[in-house]
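Remarks on the overall topology
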Amino acid sequence: MKYRQLGNTDLNVSEISFGTWAIGGAWGATNDTEALKGLERAMEAGVNFFDTADVYGDGRSEELLAKATKGREDEIHIASKFCRAGDIDDPATYSEENVRAWLENSLRRLGRERLDLYQIHCPPKHILEDGRVFEVLDKLQQEGKIRHYGVSVETVEEGLICLDQPNVRALQVIFNIFRQKPLEELLPKAKQQGVGILTRVPLASGLLTGKFTAGSTFAEDDHRNFNREGKAFNVGETFAGLPFEKGVELSRSLEWIAKGRGSMTRGALKWILEHEEVTCVIPGFKSVEQVEDNLQAEDSASYTEEEMQKLRRMYEEDVLPFIKGNY
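Along each chain, residues carry numbers from 1 onward, in the same order as the chain's sequence is written. A pLDDT threshold of at least 70 governs which residues receive local features in this predicted model, and a stricter bar of 80 or more applies before side-chain atom pairs are shown or counted, although totals over entire chains, interfaces and linings include all residues. Hydrogen atoms and water are omitted, and side-chain values are computed over all heavy atoms in the structure.

Numbering of helices and strands runs from the N terminus, with a helix taken as a DSSP run of H or I at least four residues long and a strand as a DSSP run of E at least two residues long. Across its full length, the chain holds 13 helices and 10 strands. Radius of gyration: C-alpha atoms only; globule rule: 2.2 Å multiplied by the number of residues to the exponent 0.38. The C-alpha radius of gyration computed for the chain amounts to 18 Å, which stays within 12% of the reference 20 Å derived for 327 residues, consistent with globular compactness. Summary of the burial criterion: residues with accessible area below 20% of their type's maximum are buried, those above 50% are exposed, and those between are partly exposed, where the area comes from a 1.4 Å probe applied to protein chains only. A total of 327 residues make up the chain; the buried ones form 60% of that total. We call two residues in contact whenever any of their non-hydrogen atoms come within 4.5 Å of each other. The long-range fraction of contacts in the chain, counting pairs at least 24 apart against all pairs at least 6 apart in sequence, stands at 77%. Accessible surface computed for the chain: about 13200 Å², of which carbon and sulfur atoms make up 43%. In short, Shrake-Rupley with a 1.4 Å probe defines the accessible areas, and a residue's cover is counted only from the protein chains shown.

Below you can see the structure in the form of structure tokens.
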């Protein structure tokens, strides 16, 4: 496993790390036994960083991480997120009282006294512009409750606003072959300022695995069913904001990225890792097999300059015109 420094922090994290939304909920049926096996396999391979949130299964993913990392708290780093258990548009949601309560609940579920990275969970633009929530996080950091803090954002504009805050040490962004806009300004500026980049939705909700057909269906409680038009949260979190049928069509044209890399999954993750601005990629998983496939991306064949340019042209010409929602 290779490791990268999280911006200017003292954290060195595995370049392939994992998100835990899928094992918490909103991705169809979950299996705690299989989730714990997947977490164990990841750690055996050298993964030392996991991303979670208090709303993933109403704390379920945090509790699973507590079980999996018990006794390894000093070596396994955990990032969690807050605010979506409340009204994200109400400034009162981000009061010291609320943020402190959410943090204490996360620490209790995780069985930890301090969180390595605490992130605001996709707040609206006006909250970031107001800025008072960052003063709350500064105080919690000074108290030793959190090691570092950052923001999970939906748009490039939100990310740029966060970069104006001197103590933001990480940005979590949607970045994949279908979502390349962060490359233009956000990622270079973050690197210049020593801010780490965590890349989520790296497989475009599974589109970039190549396993779906136009007739694929999803469970009622799976966001790939209920959030296709952004009815529950930002549409970019689901299929990278692409209409599902268009995403399937585009994925067929990308089957070549598996050549020399074993699978489209590995090819998609490898493309992200080719960018030096990225600290780590955080794919989700629901099985040991998915963990194994993701882990092998690290040793997959690198992309040639010609291949990188081909993917950029594909994004600009064939993908960008179809992306829905704020980006």
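Past the structure itself, the notes keep going.
A few words now on the pairing of strand 6 (residues 115–121). Taking burial as the measure, the 7 residues of strand 6 include 7 buried ones, the bulk of the element. Relative to strand 6, strand 5 (residues 77–82) is paired through 4 bridges, and the arrangement is parallel. The partner of K81 across the bridge, within strand 6, is Q119. Seen with its strands pointing away from the viewer, a crossover is right-handed if its path from the first strand over the helix to the second goes clockwise. Handedness of the crossover joining strand 5 and strand 6 through helix 4 (residues 96–110): right-handed. Summarising the sheet, strand 6 and strand 7 (residues 146–152) pair through 6 bridges and their orientation is parallel. Bridge pairing in strand 7 places Q119 opposite G150. A strand pair is defined by DSSP finding two or more bridges across the two strands.

It is worth spelling out the packing of helix 4 against helix 6 (residues 132–142) at this point. Fitted lines through C-alpha atoms give the axes, limited to the stretch in contact for helices. The angle between two N-to-C directions lies from 0 to 180 degrees. Axis separation between helix 4 and helix 6 bottoms out at 10 Å; the angle between their running directions is 50 degrees. By the criterion of interaxial angle, the relationship of helix 4 to helix 6 is oblique. Judged by the sense of rotation from one axis to the other, the crossing of helix 4 with helix 6 is right-handed. Here helix 4 contributes E96, V99, R100 and L103 to the contact with helix 6, which in turn contributes V136, L137, K139 and L140. Only Asp, Glu, Lys and Arg are considered charged in this grouping, and only Ala, Val, Leu, Ile, Met, Phe, Trp, Tyr, Cys and Pro are considered nonpolar; every other residue, Gly among them, is considered polar. Looking at the contact of helix 4 with helix 6, its residues break down into 5 nonpolar, no polar and 3 charged. Roughly parallel here means an angle under 35 degrees, roughly antiparallel means over 145, roughly perpendicular means 65 to 115, and every remaining angle is called oblique. In this scheme, a crossing is called left-handed if the near helix is turned counterclockwise away from the far one by less than a right angle; it is called right-handed if the turn is clockwise.

Before going further, it helps to examine helix 6. Listed as buried for helix 6 are V133, F134, V136, L137, D138 and L140. Where helix 6 is buried, its residues contact strand 5, helix 4, strand 6, helix 5 (125–130), strand 7 and strand 8 (168–174). G144 occupies a position one or two residues after helix 6 and carries a positive phi of about 85 degrees.

It is worth spelling out helix 10 (residues 244–252) at this point. Restricting attention to buried positions, one finds in helix 10 the residues F244, K246, G247, V248, L250 and S251. Where the residues of helix 10 are buried, they touch helix 11 (264–273) and helix 13 (305–319).

Our next topic: the sheet that holds strand 9 (residues 196–200). The parallel open sheet is built from 8 strands, whose spatial order is 3-4-5-6-7-8-9-10. Among the strands making up the open sheet, the edge pair consists of strand 3 (18–19) and strand 10 (280–281). Where strand 9 lies against strand 10, 2 bridges are found, and the strand directions are parallel. Directly across from T199, in strand 10, lies its bridge partner V281.

Now for the packing of helix 2 (residues 32–44) against helix 3 (residues 60–69). Where helix 2 meets helix 3, the axes come as close as 10 Å, and the angle between the chain directions of the two elements is 50 degrees. Relative to helix 3, the element helix 2 is oriented oblique. For the element pair helix 2 and helix 3, the recorded crossing hand is right-handed. The residues of helix 3 that touch helix 2, namely those facing D32, A35, L36, L39, E40 and M43, are R60, L64, L65, K67, A68 and T69. Classifying every residue of the contact of helix 2 with helix 3 by side-chain character gives 7 nonpolar, 1 polar and 4 charged.

This part takes up the nonpolar core. For this analysis, a nonpolar core means a set of buried residues of the types Ala, Val, Leu, Ile, Met, Phe, Trp, Tyr and Cys, connected via side-chain atoms within 4.5 Å. Ranked by internal contacts, the top residues of the largest apolar core, which has 88 residues, are F82, L171, I177 and F178. L6, V13, F49 and A170 belong to the second-largest nonpolar core, a separate cluster that totals 10 residues.

Attention now goes to the pattern of salt bridges. For this analysis, a salt bridge means a side-chain nitrogen from Lys or Arg found within 4 Å of a carboxyl oxygen belonging to Asp or Glu. Throughout the structure, instances matching the rule amount to 28 salt bridges. Between D32 and R60 there is a salt bridge, with its nearest N and O atoms 2.9 Å apart. Pair noted here: D32 is in helix 2 and R60 is in helix 3, with a separation of 28 residues, a long-range link. Put simply, R200 and E154 hold a salt bridge, and the shortest N to O gap is 3.3 Å. Residue R200 is located in strand 9, and its partner E154 is located in the loop between strand 7 and helix 7 (156–162); the two are separated by 46 residues in the primary sequence. In terms of burial, R200 and E154 fall into one category: buried. Salt bridges sharing common partners tie together D10, R112, D116 and R147.

Function-wise, these values are silent; they only describe arrangement.
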